[in-house]
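Chains, contacts and geometry: an overview
For reference, the chains in residue letters:
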Amino acid sequence: MLKRPSQMNSKFVIFHRMGLLSGIKPVIYDCCPNSCITYTEKYIHHQYCLFCQEPHLTPNGKPHHQFLYVPLIPHLQGYFSSSKMIQKMSYRSLYQRTDGQIGDVFDGPSATPILLQNYNLPPQIRTRLCNLIYLGYFLSPLDDEMADLAYGVPTFDTVEQTMFQMHAYIIFKLGDIIAIKRFMQIKGHNAVYPCRSCKIQATRSTGKTYYVPLQPPKSTSHQEFINTVTKLNGAMTKAERARITKATGIKDLLGLRQVGSLDYAWSMPWEWFHLLLENDIPNLMDLWTGQFKGLDTGDKDFEISQHIWEEIGKETTAAVKDILASFVHVLSNIATDRTFFTAESWNFWFIYLAPILLKGRFPKDKYYKHMCELADIMKITLQFHCTLEQYKPECLSTCTLTIHGLLHIAQGIQNCGPIWMTWTFYMERFCHMLQRIRRSDARPWSNLDISLVHTVYLEQLAVCFDLSEELASYIVVFETRSNTIKQVNYRDLEQIIIVTIPEDPFFGGLGGKTLALVLIIPWNTDRKDASEETVFMTSRKASVITNIHSLQATVGLIET
């Protein structure tokens, strides 16, 4: 029976019980107000931040700022309390390598949120939000946990009914150029030596900007990185340290250092999604429309006239109106408004639409052929399984680091697996989720911490007690430009309940409203529609309470 509002436990009690059941206990650390450092390890006794000079403590002795870290080890131990999760994680141990093919990461050597992927899971479900492991924003607590996991952590296997030593290792660090720059402690894209994967030397253009002429990569190695850090640590003066940094592009040893499972030269693959879809393809568009950094075409002829772009823009909008939203969202007029073009939009437009829309539109056909070749290369790198000049100074500004990064994509596939294994669409999806759950403008970070911890509790409970289906949403909608398609689910209607929601900020806009709810028991029917075919109920799931508006109709059940 549903309790009256006065009989309901407080939200503090509910969340506290969730935390106890999940086995996860967040840890709070002091950090700089500007997120420069966390006061752990070598900074634990510092009274001021070494970088921005902000004090560690307030006049009354309390820390200026703190961050919340969600431990990794209880996450992993919880997985082994679920037979279903153990079965899913058997993917890695059962994976069969095919000679001459790269099908997964195992076919190669093995204030940004920290998200971990569990490579024991099959790739089809590996990057779902419910399977990503959120930890916090600083690396030092994670580094300590990885050291413990390298030695082994006693864990109970619910299938084998035995204790075993659980080991886990970080084998890749994925992210865009800025995230990797901070992680690796390198100078990054505007440096004399900007590349994290080779020793190519950049050329200075007018002003203070460095660019990377198109030349073959000059390889580097993990040991060279270590040797440079050794020189930095042995430098006697700041000037000497600065000279070494300028000559190598390296500032310090990277964040995760205790275990040594990362190869500093090849464990940070160049991220296809940010290189091409966030940088190179939009830059190509700017070149074709004459809007790239004030450059003209010089002695080339690749610019498309404005009136032709207006036709291309209208054709782009018309081309997607009848395509399912699961393939691509709405594309605006690319000639007049690219504001809402996301990485997904650029990917679909360039690979599938541009070869059709731009045919015969370039003044010279060779530029169209080059564009189609790039689209074909992108398709090849996106396959689920992969088989193994001189420059003009006035054009130097087109040679950005993201262009040079393309030269490392093939080696990245060979070392780290197919592109779809290492791109970071899942991180963008997670950040979009953060925007949705933020409920406070005055204290956004603490509000996000609390919301994320509660989400982690629910995800862990779903794993530990096999509640994934019970906690999942039953509303599945696919949208096209012109209609909506809903999947059909069948349930037993047990009871209709009228509930008045208490006036409490916790309930947001629902506070004070009266809702009509239904107690239902979902069926397993493979989501078939009885109006189109015979549907058989194989079993029932756990009871669920949902809004009465989710019911579309009542139907009869024939027992056979």
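Nothing here was measured: the structure is a model prediction, and the numbers come from that model.

Attention now goes to the pattern of salt bridges. On inspection of all chains with the given rule, the structure shows four salt bridges. A salt bridge links Glu-311 to Arg-361, with the nearest nitrogen and oxygen atoms 3.3 Å apart. With Glu-311 in helix H11 (residues 306-319) and Arg-361 in the loop between helix H12 (343-357) and helix H13 (365-381), this residue pair connects regions lying 50 residues apart in the sequence. Notably, a salt bridge pairs Lys-369 with Asp-365, separated by 3.9 Å at the nearest N-O pair. Here Asp-365 and Lys-369 lie together in helix H13, a separation of four residues that amounts to about one turn. Of the residues examined, Lys-369 reaches a relative accessible area of 49% and is grouped as partly exposed. Overlapping salt bridges, with partners in common, bring together Glu-311, Glu-315 and Arg-361 in one network.

With that settled, the discussion passes to the environment of His-65. Along the chain, His-65 turns up in strand S2 (residues 65-69). Exposure remark for His-65: the relative accessible area of 27% places this residue in the partly exposed category. Placed 31 residues apart in sequence, His-65 and Asn-34 show a C-alpha to C-alpha distance of 8.7 Å.

So, on to the pairing of strand S7 (residues 162-166). Direction of pairing for strand S6 (residues 153-157) relative to S7: antiparallel, over a ladder of five bridges. Opposite Val-153, over in S7, you have Met-166 as the bridge partner. Once S6 ends, the chain turns through four residues before running back antiparallel as S7, passing Gln-161 with a positive phi of about 60°.

Let us now look at the state of the cysteines. Per the counting criterion, the structure on display carries zero disulfides. With no disulfide of its own, Cys-31 lies closest to Cys-32 among cysteine sulfurs, the gap being 7.1 Å. For Cys-31, a relative accessible area of 1% corresponds to the buried category. We note that Cys-52 lacks a disulfide partner, and the nearest cysteine sulfur, in Cys-32, lies 3.4 Å from it.

On to helix H17 (residues 425-437). Spanning 13 residues, H17 covers 19 Å between terminal C-alpha atoms, matching the ideal 18 Å at 1.5 Å per step. Among the residues making up H17, those that are buried are Tyr-426, Met-427, Phe-430, Met-433, Leu-434 and Ile-437. Viewed along the axis of H17, the buried residues span an arc of 115°, placing them on a single side of the element.

We now examine the packing of helix H8 (residues 222-234) against helix H9 (residues 238-248). As a packed pair, H8 and H9 sit with axes 9 Å apart at the nearest point and diverge in direction by 160°. Between H8 and H9, the interaxial angle falls into the category roughly antiparallel. You can see that H8 and H9 cross each other, and the crossing is left-handed. Contacts between H8 and H9 involve Thr-228, Lys-231, Leu-232 and Asn-233 on the former and, on the latter, Arg-241, Ile-244, Thr-245 and Thr-248. When the residues that make up the contact of H8 with H9 are grouped by side-chain class, the tally is two nonpolar, four polar and two charged.

Scoring rules and cut-offs
Residues numbered from 1 in each chain as written. Predicted model: local features only at pLDDT ≥ 70, side-chain atom pairs only at ≥ 80, totals over all residues. Heavy atoms only, no water. Salt bridge = Lys/Arg side-chain N within 4 Å of Asp/Glu carboxyl O. Helix = DSSP H or I, 4+ residues; strand = E, 2+ residues; numbered from the N terminus. Buried < 20%, exposed > 50% of the residue type's maximum accessible area, 1.4 Å probe, protein only. Pairing = 2+ DSSP bridges. Disulfide = S-S within 2.5 Å. Expected span 1.5 Å × (residues − 1). Arc of directions from axis to C-beta. Axes fitted to C-alpha atoms, helices over the stretch in contact; angles between N-to-C directions. Parallel < 35°, antiparallel > 145°, perpendicular 65-115°, else oblique. Left-handed = near helix turned anticlockwise from the far one by under 90°. Contact = heavy atoms within 4.5 Å. Nonpolar A, V, L, I, M, F, W, Y, C, P; charged D, E, K, R; others polar.

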